[in-house]
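# Structure at a glance
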Amino acid sequence: MPSSVAEPLQEAFILDAAAPPADAEHFHPPEEGPDGRFCWTGPGAEAALIVHISRRYPLRAWLELADFGHPANGDALSLIVDGDLYPLLRRGPGKNLIAGPILTRDGDGPTRLVIRVPHLHSPPTNGHRASPLRGIAIKRLSLTPPA
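Residues numbered from 1 in each chain as written. Predicted model: local features only at pLDDT ≥ 70, side-chain atom pairs only at ≥ 80, totals over all residues. Heavy atoms only, no water.

## Re the overall build of the protein chain
When helices and strands are counted, the protein chain shows zero helices and 11 strands. Secondary structure elements of the protein chain occur, N-terminal to C-terminal, as β-β-β-β-β-β-β-β-β-β-β. Over its C-alpha trace the protein chain gives a radius of gyration of 16 Å, about what one expects of a compact globule, namely 15 Å for 147 residues. The C-alpha extent of the protein chain, read off along each of the three principal axes, is 60 × 40 × 25 Å. Across the protein chain, contacts joining residues at least 24 apart in sequence account for 68% of those joining residues at least 6 apart. (Helix = DSSP H or I, 4+ residues; strand = E, 2+ residues; numbered from the N terminus. Rg over C-alpha atoms; globule rule 2.2 N^0.38 Å. Contact = heavy atoms within 4.5 Å.)

## Re the pattern of salt bridges
Taken as a whole and assessed by the stated rule, the structure comprises nine salt bridges. Across the pair Glu31 and Arg134 runs a salt bridge, and its minimum N-O distance is 3.4 Å. Taken together, the residues Glu31 in strand β2 (residues 31-33) and Arg134 in the loop between β10 (111-116) and β11 (137-144) connect sequence positions 103 residues apart. Under the relative-accessibility criterion, Glu31 is labelled partly exposed at 27%. When its relative accessible area of 18% is taken as the criterion, Arg134 is described as buried. With its nearest N and O atoms 3.7 Å apart, the salt bridge here joins Arg37 to Glu32. Owing to a relative accessible area of 36%, Arg37 belongs among the partly exposed residues under this scheme. Look at the salt bridges and you will find they share partners, linking Arg55, Asp82 and Arg105 into a network. (Salt bridge = Lys/Arg side-chain N within 4 Å of Asp/Glu carboxyl O. Buried < 20%, exposed > 50% of the residue type's maximum accessible area, 1.4 Å probe, protein only.)

Following this line, the structure appears as structure tokens:
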């Protein structure tokens with residue numbers, strides 16, 4: 001007998017570069033590098049995905065990168081959550097950024113995340129074919145409630 005009770009939404013979300021969601025927009029296939037697995041954003045300046053996460057508590061976004069792509073991206077990245085802009089700020093000397101707190105929201109509908117990357121680049125090519133534009137190399141993106 002089917003249950004009439006809906007599954008509760010997850011309290012946290014993690015995007016691992018090894019397995020980006022099939023419906024994600026503007027993400028290149030995963031690659032392997034010296035810092036592990038990652039996936040580039042691009043060719044557009046806004047990489048987007050839909051997540052199903054509880055928004056009853058404020059959330060903190062943590063973005064771990066393998067590469068900023070263009071050096072100017074270090075201080076220019078932002079996360080847009082359901083239309084609200086949150087600057088991604090560096091934490092420490094590495095390639096980790098945080099945003100938030102991301103405001104709560106009523107309802108259980110999906111949350112649209114957009115990673116805005118203002119400075120795109122094209123890796124060098126050995127042939128005559130132009131490489132696709134890339135933004136940043138993401139290792140992991142997580143959204144979590146306060147500890």
